[in-house]
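Inside the fold
Single-letter residue listing:
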Amino acid sequence: MPALACLETAVPPGYGFAWDGSLPLQGAFPCGTPVTPTIPNAHDVHSSWSTDLSAALYKIDGWGAPYFTVNDAGNMSVRSFGSATLPYQEIDLMKVVKKASDPKSLGGLGLQLPIIIRFPDVLKNRLESLHSAFHFAIQSNGFDSHYQGVYPVKCNQDRYIVEDIVEFGSPFRFGLEAGSKPELLLAMSSLTRGNPDALLICNGYKDVEYVSLALMGRALDLNTVIVLEQEEELDTVVETSLKLGIRPVIGLRAKLRTKHSGHFGSTSGEKGKFGLTTAQILSVANKLQKLDMLDCLQLLHFHIGSQIPSTVLLADGVTEAAQIYCELARLGAGMRVIDIGGGLGIDYDGSHSSCSDMSVGYGLDEYASTVVRAIQFACDRKHVRHPIICSESGRALVSHHSVLIFEAVSSTAFDPGALGQNIAYVLDALEDDALADYRNLTAAAMRSEYETCILCADQLKRRCVEQFKDGLLGLEHLAAVDALCDLVAREITTSDAVRTYHVNLSIFTSIPDFWAIGQLFPIVPIHRLDQRPSVNGILSDLTCDSDGKLDSFIGGRKSLPLHEFSSGGGYYLGMFLGGAYQEALGGLHNLFGGPSVVRVEKSDGPHSFAVTRALPGPSCADVLRAMQHEPELMFESLKRRAEEYAHSDGEAITCGLARAFNSMPYLVHDSGDDVMAAETDGIASAGGSDDDDVEWEFMRCLSF
């Protein structure tokens, strides 16, 4: 490397630090040969880079098509209508963030980051694309029935998402799937405004109350199907239906022998969590026949596993299930529907690979064609009427429509000042062994033996740490040695200069699948994509937990290409494809609540979008209340304490406490006057008053 090679001409021994007792500038060595900078200057950043290179670097065209792209301004854009989106209809994400986060005095909404941006037009396009794929497969193969899917609400139970799916899916008889009593209640309520033929699939463990609710759904003219997950549930269904006088429609979940390998296949195969074996299926059919209720058995359900990687595995599982369906029809059951469950995967890493949990090797059209052909082949051979095809596609429907935006607020960086002004001061304090390591290090540098340099630097650091533990080195000495060794690693580039970016986010709250199961999501800067990223970074969140960091990224990377912080404003990143599961799974680790949420639709306005709904994230009072604390009583207790002990400052402290209870748990990043204006505007809007005593409005609202 240039920095080390230049030492060959140096007369004094050493690694370029002990020439005259002063420290050279970073990247320059005493022989006069400058080090080639690793960070391009401002001109190079723009002239030698392009948005196409950023798209390739972050694999945006792989995982993002057809909904996400990079525009000419270097910002991420959303194509709400997929491939049918016209250039002028694209929505610039940075403009949405600005609209959401700018103070109201500047025309914004005054929302605090992090923020989830929902695009219902994308959700509608996903639903239409899924139905279109099955419709085309059915028409082209001469299949004599139709497709009508259901959305499993466990993927994201947000009210407006469920309502959107019911509304957008009404022309296609699209329904809902529930797996618990609360989910069943919300599904029943939502489907009162849906298509009357839409299915309401009732999965999960069931008690008498659950079964009663489902039967009430039939009394309310909802197309409710109770799916048996275990054989003993049949008795509950039969007894409850007789008590209520409501004849049930029954389905059963088959435990297939086809097994999906990998994490997402843990519920498949003969040892899966749910489902009936072939012997149990026959037992259920026999019991229903004796009760003269075999006509009630109308649906077969199975689930190979989420993120089915290939259509080969899909075809194998569907073929097995179709044979069971045909056999039940032969036995006299009133079979009408085959529910292929979930499993329609999405490509998180853009690799289009069938060998990874993070990707799939097919698209919607191939998925639908595989399902239709496998069912049709089995039914035609057994002369069984073609069934209605139902799928429980959740991940594939809602993942794309939601983008999590968060801000990096600081980063770690190498500080040459840590070496101090005189390296000789450090050398004088070293014991003989450590001093020998230093000399070996400088000698290796003179010979351009870079691997030896790293070994010597590591050994020097270890010896100095031991000296420090023994009380023989001061804190200044240890800091200087650390900086010296870091500089060696940086110049030789063996450390790849990975930097930690601190982000205003809780991974446990907003990206729990990353922590829990190692699920990777595309994470990309949403601006400055016309500039060359010059830093490799990992992301560290706000939580007091060592697992609160993102250090694995799509493409097998252990760091993410990022840009240097600029003085002109914040640095914004987006996590994409996170619309499924993350919000429902997120907890309250460190009492960080959920992000703010905005709903954005396409419009004909100057910015091509309109914010149709905005919801601030939970306040400190909200998250405390969720954990059984009582913020009102807490505030009153602290207020009395302030009045008793603070005296002249009591009023100001009380105002500050009230403001804290009503603020979001996340950082308010002060990046200039705009942020201060946003804070002031946020206080006014929250308290409902614009006067100078707005803090008292906070207290008044809190006490109600």
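What counts as what
- Residues numbered from 1 in each chain as written.
- Predicted model: local features only at pLDDT ≥ 70, side-chain atom pairs only at ≥ 80, totals over all residues.
- Heavy atoms only, no water.
- UniProt positions renumbered as here; feature names shortened; annotations may be inferred.
- Phe/Tyr/Trp six-rings, centres within 6.5 Å; stacked < 30°, edge-to-face > 60°.
- Buried < 20%, exposed > 50% of the residue type's maximum accessible area, 1.4 Å probe, protein only.
- Lys NZ or Arg CZ within 6 Å of the ring centre and 35° of its normal.
- pLDDT = per-residue confidence, 0-100.
- Contact = heavy atoms within 4.5 Å.
- Helix = DSSP H or I, 4+ residues; strand = E, 2+ residues; numbered from the N terminus.
- Pairing = 2+ DSSP bridges.

With an unreviewed UniProt entry as reference, the protein is termed Arginine decarboxylase, source organism Dendrobium nobile. Taken directly from UniProt, the Pathway (unreviewed entry) text for the protein runs: "Amine and polyamine biosynthesis; agmatine biosynthesis; agmatine from L-arginine: step 1/1." Recorded in UniProt under Sequence similarities (unreviewed entry), the annotation for the protein is "Belongs to the Orn/Lys/Arg decarboxylase class-II family. SpeA subfamily."

Summed over the entire model, instances satisfying the criterion amount to 13 aromatic pairs. Each ring, one from Y362 and one from Y367, has its centre 6.0 Å from the other, and the planes form 25°; the classification is stacked. For Y362, a relative accessible area of 10% puts it in the buried group. An aromatic cluster of at least three residues, connected via ring pairs, comprises F134, Y147, Y362 and Y367. The aromatic ring of Y210 is capped on one face by K206, whose charged end is 5.7 Å from the ring centroid. In this arrangement the basic side chain of R613 is found over the ring face of Y160, its NZ or CZ atom lying 3.8 Å from the centre.

For the rest of this paragraph, the subject is the confidence of the model for the protein. Predicted confidence across the protein gives a mean pLDDT of 85, with 84% of residues reaching 70 or more. Contacts of residues 1-43 to residues separated by more than four positions or lying in other chains number 79 contacts, the stretch itself having pLDDT below 50.

With that settled, consider the pairing of strand β4 (residues 115-118). In β4, alternate side chains face the same way, and those of I115 and I117 on one face and I116 and R118 on the other are all buried. Examined bridge by bridge, β4 and strand β13 (residues 402-411) share 4 bridges and lie antiparallel to one another. Of the residues in β13, the one forming a bridge with I116 is L404. Of the strand pairs in this sheet, β4 and strand β20 (residues 596-602) are connected by 4 bridges, and their pairing is parallel. By the bridge assignment, I115 is partnered in β20 with S596.

This next bit is on the sheet that holds strand β2 (residues 76-78). Strands in a sheet are paired, the pairing made by backbone hydrogen bonds, and the direction either parallel or antiparallel. Within the open sheet, the 3 strands sit side by side as β1-β2-β3. Their pairing is antiparallel. Taken across any chain shown, the strands that pair with only one partner, and hence form the sheet edges, are β1 (68-70) and β3 (91-92). Across 3 bridges, β1 lies against β2 in antiparallel orientation. Bridge pairing links V70 to M76 in β2.

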